[in-house]
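# Structural description and commentary
Next come the chains, spelled out residue by residue.
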Amino acid sequence: MASSEALMVVFWLIGSSFFLLGTSIRLADDQDHRNEEDLVSAACNRTFYIDICVSSIRSDPRSSTISDLKGLADVALNVTFVHGMETLDYIKHLISNSPAASYRSGCLRDCAEVYADAVQSLQDTVHLLRIRDFEKVNTLVSAAMTDSDTCEDGFNEVLDDAEGVSPLTQRNQYFSKLCSNFLAITKLLF
Ligand SMILES: *[C@@H]1O[C@H](CO)[C@@H](O)[C@H](O)[C@H]1NC(C)=O
Ligand SMILES: *[C@@H]1O[C@H](CO)[C@@H](O)[C@H](O)[C@H]1NC(C)=O
(Lines give C-alpha, C1' and ligand atoms only; values in the text may rest on other atoms or scores of the structure.)
(Ligands and ions follow the chains in the order given, each with its own letter.)
Protein backbone atom coordinates (compact mmCIF):
# COMPACT_ATOMS: atom_id res chain seq x y z
CA MET A 1 0.00 0.00 0.00
CA ALA A 2 2.84 2.32 0.89
CA SER A 3 4.24 2.04 -2.64
CA SER A 4 0.92 2.90 -4.32
CA GLU A 5 0.61 5.91 -2.04
CA ALA A 6 4.13 6.94 -3.06
CA LEU A 7 3.12 6.47 -6.69
CA MET A 8 0.09 8.71 -6.15
CA VAL A 9 2.30 11.37 -4.63
CA VAL A 10 4.59 11.13 -7.65
CA PHE A 11 1.62 11.44 -10.04
CA TRP A 12 0.33 14.36 -8.05
CA LEU A 13 3.71 16.06 -8.23
CA ILE A 14 3.98 15.48 -11.97
CA GLY A 15 0.44 16.71 -12.47
CA SER A 16 0.91 19.85 -10.45
CA SER A 17 4.24 20.67 -12.04
CA PHE A 18 2.54 20.53 -15.46
CA PHE A 19 -0.15 22.75 -14.04
CA LEU A 20 2.45 25.20 -12.74
CA LEU A 21 4.37 25.06 -16.01
CA GLY A 22 1.17 25.83 -17.91
CA THR A 23 0.45 28.75 -15.61
CA SER A 24 3.89 30.21 -15.95
CA ILE A 25 3.77 29.94 -19.75
CA ARG A 26 0.42 31.73 -19.72
CA LEU A 27 1.82 34.38 -17.42
CA ALA A 28 4.82 34.85 -19.72
CA ASP A 29 2.43 35.26 -22.69
CA ASP A 30 0.42 37.85 -20.80
CA GLN A 31 3.63 39.62 -19.86
CA ASP A 32 4.83 39.72 -23.49
CA HIS A 33 1.46 41.00 -24.60
CA ARG A 34 1.50 43.72 -21.95
CA ASN A 35 5.04 44.76 -22.88
CA GLU A 36 4.07 44.99 -26.54
CA GLU A 37 0.97 47.03 -25.65
CA ASP A 38 3.04 49.34 -23.46
CA LEU A 39 5.56 49.81 -26.26
CA VAL A 40 2.89 50.61 -28.85
CA SER A 41 1.06 53.06 -26.55
CA ALA A 42 4.25 54.73 -25.35
CA ALA A 43 5.67 55.15 -28.87
CA CYS A 44 2.36 56.21 -30.42
CA ASN A 45 1.98 58.73 -27.62
CA ARG A 46 4.90 60.57 -29.20
CA THR A 47 3.20 60.92 -32.59
CA PHE A 48 0.78 63.61 -33.83
CA TYR A 49 -2.05 61.17 -34.57
CA ILE A 50 -2.08 58.85 -31.59
CA ASP A 51 -5.34 57.01 -32.29
CA ILE A 52 -4.45 56.36 -35.92
CA CYS A 53 -1.00 55.20 -34.82
CA VAL A 54 -2.37 52.65 -32.35
CA SER A 55 -5.21 51.40 -34.57
CA SER A 56 -3.10 51.11 -37.73
CA ILE A 57 -0.34 49.19 -35.96
CA ARG A 58 -2.79 46.91 -34.15
CA SER A 59 -4.49 46.12 -37.47
CA ASP A 60 -1.28 44.40 -38.60
CA PRO A 61 -1.02 40.77 -37.43
CA ARG A 62 2.72 41.25 -36.89
CA SER A 63 2.01 43.79 -34.16
CA SER A 64 1.58 40.91 -31.67
CA THR A 65 5.24 39.92 -32.14
CA ILE A 66 6.75 43.42 -31.77
CA SER A 67 9.50 43.32 -29.14
CA ASP A 68 11.34 46.60 -29.66
CA LEU A 69 11.14 50.04 -31.27
CA LYS A 70 12.82 48.87 -34.46
CA GLY A 71 10.15 46.17 -34.85
CA LEU A 72 7.49 48.80 -34.23
CA ALA A 73 9.02 51.11 -36.86
CA ASP A 74 9.04 48.21 -39.37
CA VAL A 75 5.32 47.62 -38.84
CA ALA A 76 4.54 51.37 -38.97
CA LEU A 77 6.42 51.56 -42.29
CA ASN A 78 4.62 48.55 -43.66
CA VAL A 79 1.10 49.76 -42.85
CA THR A 80 1.99 53.05 -44.58
CA PHE A 81 3.32 51.18 -47.62
CA VAL A 82 0.25 48.92 -47.78
CA HIS A 83 -2.07 51.93 -47.58
CA GLY A 84 -0.10 53.59 -50.42
CA MET A 85 -0.37 50.45 -52.57
CA GLU A 86 -4.11 50.18 -51.92
CA THR A 87 -4.54 53.84 -52.81
CA LEU A 88 -2.62 53.33 -56.05
CA ASP A 89 -4.92 50.40 -56.93
CA TYR A 90 -7.95 52.50 -56.06
CA ILE A 91 -6.71 55.35 -58.28
CA LYS A 92 -6.25 52.92 -61.20
CA HIS A 93 -9.77 51.68 -60.62
CA LEU A 94 -11.10 55.27 -60.71
CA ILE A 95 -9.15 56.00 -63.90
CA SER A 96 -10.70 53.01 -65.65
CA ASN A 97 -14.13 54.39 -64.73
CA SER A 98 -13.53 58.00 -65.81
CA PRO A 99 -13.89 59.53 -69.29
CA ALA A 100 -10.33 59.61 -70.65
CA ALA A 101 -10.38 63.29 -71.67
CA SER A 102 -11.89 64.65 -68.45
CA TYR A 103 -10.25 66.98 -65.97
CA ARG A 104 -10.80 64.34 -63.30
CA SER A 105 -9.02 61.71 -65.34
CA GLY A 106 -6.00 63.97 -65.81
CA CYS A 107 -5.78 64.58 -62.06
CA LEU A 108 -6.10 60.88 -61.37
CA ARG A 109 -3.28 60.07 -63.76
CA ASP A 110 -1.07 62.62 -61.97
CA CYS A 111 -2.04 61.01 -58.65
CA ALA A 112 -1.16 57.55 -59.97
CA GLU A 113 2.27 58.87 -60.91
CA VAL A 114 3.00 60.51 -57.54
CA TYR A 115 1.70 57.52 -55.56
CA ALA A 116 3.88 55.19 -57.59
CA ASP A 117 6.83 57.38 -56.52
CA ALA A 118 5.63 57.42 -52.91
CA VAL A 119 5.36 53.63 -52.58
CA GLN A 120 8.77 53.28 -54.22
CA SER A 121 10.19 55.69 -51.63
CA LEU A 122 8.64 53.64 -48.83
CA GLN A 123 10.06 50.46 -50.29
CA ASP A 124 13.53 52.02 -50.40
CA THR A 125 13.07 53.07 -46.79
CA VAL A 126 13.08 49.43 -45.61
CA HIS A 127 16.79 49.19 -46.40
CA LEU A 128 17.60 52.69 -45.10
CA LEU A 129 15.98 51.83 -41.80
CA ARG A 130 18.05 48.67 -41.56
CA ILE A 131 21.31 50.59 -42.04
CA ARG A 132 20.03 53.37 -39.74
CA ASP A 133 20.41 56.11 -42.34
CA PHE A 134 17.77 58.24 -40.63
CA GLU A 135 18.55 61.35 -42.62
CA LYS A 136 17.66 59.65 -45.89
CA VAL A 137 14.65 57.98 -44.25
CA ASN A 138 13.45 61.43 -43.30
CA THR A 139 14.02 62.82 -46.80
CA LEU A 140 12.25 59.95 -48.59
CA VAL A 141 9.24 59.69 -46.30
CA SER A 142 8.80 63.48 -46.23
CA ALA A 143 8.81 63.33 -50.04
CA ALA A 144 6.15 60.59 -49.93
CA MET A 145 4.04 62.84 -47.69
CA THR A 146 4.42 65.69 -50.18
CA ASP A 147 3.33 63.31 -52.95
CA SER A 148 -0.08 62.83 -51.33
CA ASP A 149 -0.42 66.62 -50.95
CA THR A 150 0.45 67.05 -54.62
CA CYS A 151 -2.28 64.58 -55.54
CA GLU A 152 -4.82 66.43 -53.41
CA ASP A 153 -3.80 69.87 -54.69
CA GLY A 154 -4.26 68.74 -58.28
CA PHE A 155 -8.00 68.43 -57.73
CA ASN A 156 -8.29 71.64 -55.78
CA GLU A 157 -6.48 73.88 -58.26
CA VAL A 158 -9.61 74.61 -60.24
CA LEU A 159 -11.99 75.35 -57.42
CA ASP A 160 -14.95 76.42 -59.53
CA ASP A 161 -14.76 73.27 -61.61
CA ALA A 162 -17.55 70.92 -60.58
CA GLU A 163 -15.21 68.05 -61.32
CA GLY A 164 -12.55 69.61 -59.12
CA VAL A 165 -13.63 67.82 -55.97
CA SER A 166 -11.05 65.23 -54.99
CA PRO A 167 -12.30 61.65 -54.62
CA LEU A 168 -9.08 60.94 -52.68
CA THR A 169 -9.16 63.47 -49.84
CA GLN A 170 -9.63 60.89 -47.08
CA ARG A 171 -7.02 58.55 -48.47
CA ASN A 172 -4.53 61.37 -49.00
CA GLN A 173 -4.97 62.66 -45.47
CA TYR A 174 -4.71 59.19 -43.93
CA PHE A 175 -1.57 58.44 -45.94
CA SER A 176 0.00 61.71 -44.85
CA LYS A 177 -0.82 60.96 -41.19
CA LEU A 178 0.67 57.46 -41.43
CA CYS A 179 3.88 58.97 -42.87
CA SER A 180 3.99 61.56 -40.10
CA ASN A 181 3.50 58.87 -37.41
CA PHE A 182 6.19 56.68 -38.91
CA LEU A 183 8.66 59.59 -38.92
CA ALA A 184 7.87 60.37 -35.28
CA ILE A 185 8.48 56.72 -34.31
CA THR A 186 11.73 56.72 -36.30
CA LYS A 187 12.91 59.74 -34.30
CA LEU A 188 12.71 57.60 -31.15
CA LEU A 189 15.36 55.29 -32.70
CA PHE A 190 18.03 58.00 -33.09
C1 LIG B 1 1.40 60.28 -23.02
O2 LIG B 1 2.18 61.44 -22.78
C3 LIG B 1 1.68 62.27 -21.75
C4 LIG B 1 2.55 63.54 -21.65
O5 LIG B 1 3.60 63.55 -22.54
C6 LIG B 1 1.67 61.49 -20.45
O7 LIG B 1 1.13 62.28 -19.42
C8 LIG B 1 0.81 60.23 -20.62
O9 LIG B 1 0.85 59.44 -19.45
C10 LIG B 1 1.31 59.41 -21.79
N11 LIG B 1 0.43 58.26 -22.02
C12 LIG B 1 0.90 57.04 -22.31
C13 LIG B 1 -0.15 56.01 -22.60
O14 LIG B 1 2.08 56.77 -22.36
C1 LIG C 1 5.26 44.92 -46.27
O2 LIG C 1 4.92 43.61 -45.91
C3 LIG C 1 4.68 42.75 -47.01
C4 LIG C 1 4.19 41.43 -46.47
O5 LIG C 1 5.04 40.93 -45.50
C6 LIG C 1 5.96 42.63 -47.84
O7 LIG C 1 5.72 41.82 -48.95
C8 LIG C 1 6.39 44.01 -48.29
O9 LIG C 1 7.63 43.93 -48.96
C10 LIG C 1 6.54 44.94 -47.10
N11 LIG C 1 6.87 46.26 -47.62
C12 LIG C 1 7.40 47.26 -46.91
C13 LIG C 1 7.72 48.50 -47.64
O14 LIG C 1 7.63 47.18 -45.71
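From a predicted model like this one, the values you see are computed outputs, not experimental measurements. (Residues numbered from 1 in each chain as written. Chains lettered and ligands numbered in written order. Predicted model: local features only at pLDDT ≥ 70, side-chain atom pairs only at ≥ 80, totals over all residues. Heavy atoms only, no water.)

## Let's talk about the packing of aromatic side chains
On inspection of all chains with the given rule, the structure shows 3 aromatic pairs. Directly above the aromatic system of Tyr90 lies the positively charged group of Arg171, at a separation of 5.1 Å from the ring centroid. (Phe/Tyr/Trp six-rings, centres within 6.5 Å; stacked < 30°, edge-to-face > 60°. Lys NZ or Arg CZ within 6 Å of the ring centre and 35° of its normal.)

## A word on the pattern of salt bridges
Following the criterion strictly, the structure yields 3 salt bridges and no others. We note a salt bridge from Asp60 to Arg62, for which the minimum N-O separation is 3.0 Å. For Asp60, a relative accessible area of 8% translates into the label buried. One salt bridge in this structure joins Asp74 and Lys70, with 3.0 Å as the shortest N-O distance. Within this pair, Asp74 and its partner Lys70 are both found in helix 3 (residues 69-96), separated by 4 residues, close to a single helical turn. Classification of Lys70 as partly exposed rests on a relative accessible area of 28%. (Salt bridge = Lys/Arg side-chain N within 4 Å of Asp/Glu carboxyl O. Buried < 20%, exposed > 50% of the residue type's maximum accessible area, 1.4 Å probe, protein only. Helix = DSSP H or I, 4+ residues; strand = E, 2+ residues; numbered from the N terminus.)

## Some points on the state of the cysteines
Counting across every chain of the model gives 2 disulfides. A sulfur-sulfur distance of 2.0 Å marks the disulfide that ties Cys44 to Cys53. On the sign convention where negative means left-handed, the S-S torsion of about -70 degrees between Cys44 and Cys53 marks this disulfide as left-handed. At a sulfur-sulfur separation of 2.2 Å, the disulfide partner of Cys111 is Cys151. On the sign convention where negative means left-handed, the S-S torsion of about 95 degrees between Cys111 and Cys151 marks this disulfide as right-handed. Of this pair, Cys111 sits in helix 4 (residues 103-130) while Cys151 is found in helix 5 (residues 134-156), placing the two residues 40 residues apart along the sequence. (Disulfide = S-S within 2.5 Å.)

## Remarks on the side chain of Thr186
With respect to the helices and strands, the residue Thr186 is situated in helix 6 (residues 169-187). Those residues in contact with Thr186 that sit more than four places away from it in its chain are Leu129, Phe134 and Val137. (Contact = heavy atoms within 4.5 Å.)

## Observations concerning the site of ligand 2
Around ligand 2 sit Arg62, Asn78, Phe81, Leu122 and Val126, and that is every residue in its neighbourhood. One of the side-chain N or O atoms of Asn78 is found 2.4 Å from an oxygen atom in ligand 2. When isolated, ligand 2 has an accessible area of 360 Å², and the protein chains bury 53% of it. When contributions to the shell around ligand 2 are tallied by element, the ones reaching two or more residues are helix 3 and helix 4. (Near = heavy atom within 4 Å. Polar contact = N/O pair within 3.5 Å; in protein donor to acceptor, adjacent residues only side chain to side chain. Areas by Shrake-Rupley, 256 points an atom, 1.4 Å probe, with all protein chains shown as cover.)

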